[in-house]
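One letter stands for each residue in the lines below.
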Amino acid sequence: MSVIEGKNPTSLRMKFDLGKDDSTGKTKVKSKTFSNVKHNASNEDVYEVASAIESLQQYPVLEIAKIDNTTLA
């Protein structure tokens, strides 16, 4: 039996460093997800967009993730 692969929109998730929590000493992290990225967008293009978004943010970026979403039938 052959598996059919359906490409769904991709997401871009960025995690930001909000600094240390005074009571626990752990790093506070906030994430933002940008949905409906074209599934065929190259990794380089997604990274360039994330870099442009980063320059508009108040906090430094910890992680940039491209999340691919595929449906199997």
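Just so it is clear, the structure is predicted and the values come from calculations on it, not from any experiment.

> What am I meant to see in the environment of Val46 here?
As for its position among the elements, Val46 is in helix α1 (residues 43-54). Residues Val46 and Met14, spaced 32 residues apart in sequence, show a C-alpha to C-alpha distance of 11 Å.

> Sorry if this is basic, but what is going on with unusual backbone geometry here?
The bulk of non-glycine residues show a negative phi, and the bulk of peptide bonds are trans. Not every positive phi belongs to a glycine, and Asn36 is a case in point at roughly 60°. By the element assignment, Asn36 lies in strand β2 (residues 27-37). The exposed category is assigned to Asn36, whose relative accessible area is 64%.

> I'm lost on the sheet that holds β2 in this one. Help?
As a general point, the strands of a sheet are linked pairwise by backbone hydrogen bonds and lie either parallel or antiparallel. Within the open sheet, the three strands sit side by side as β2-β1-β3. Their pairing is antiparallel. Bordering the open sheet on either side are β2 and β3 (61-72), each of which pairs with just one other strand. Taking each pair of neighbouring strands and ignoring which way they run, the sheet shows an average axis angle of 20°.

> Is there a simple way to think about the side chain of Ser11 in this case?
Relative to the assigned elements, Ser11 resides in strand β1 (residues 5-20). Apart from the residues lying within four places of it in its own chain, the contact partners of Ser11 are Thr33, Phe34, Ser35, Val37, Ala65, Lys66 and Ile67.

> Hey, could you run me through the environment of Tyr59 in this one?
Following the sequence through the fold, Tyr59 ends up in the loop between α1 and β3. Here Tyr59 falls in the partly exposed class, since its relative accessible area comes to 35%. Residues Tyr59 and Glu5 lie 54 residues apart in sequence; the distance between their C-alpha atoms is 38 Å. Ignoring sequence-local partners within four residues, the contact set of Tyr59 consists of Phe16, Asp17 and Leu18.

> What is the right way to read the pattern of salt bridges from this model?
Once the charged atoms of two side chains with opposite charge are near each other, the side chains can pair. Under the counting rule described, the total for this entry stands at three salt bridges. Between Lys7 and Glu5 there is a salt bridge; the shortest N-O distance is 3.0 Å. Residue classification places Lys7 among the partly exposed positions, given a relative accessible area of 49%. Through salt bridges with shared partners, a single ionic network connects Arg13, Lys15 and Glu63.

What counts and how
Residues numbered from 1 in each chain as written. Predicted model: local features only at pLDDT ≥ 70, side-chain atom pairs only at ≥ 80, totals over all residues. Heavy atoms only, no water. Helix = DSSP H or I, 4+ residues; strand = E, 2+ residues; numbered from the N terminus. Buried < 20%, exposed > 50% of the residue type's maximum accessible area, 1.4 Å probe, protein only. Pairing = 2+ DSSP bridges. Axes fitted to C-alpha atoms, helices over the stretch in contact; angles between N-to-C directions. Contact = heavy atoms within 4.5 Å. Salt bridge = Lys/Arg side-chain N within 4 Å of Asp/Glu carboxyl O.

Any functional reading would require information that these geometric values do not contain.
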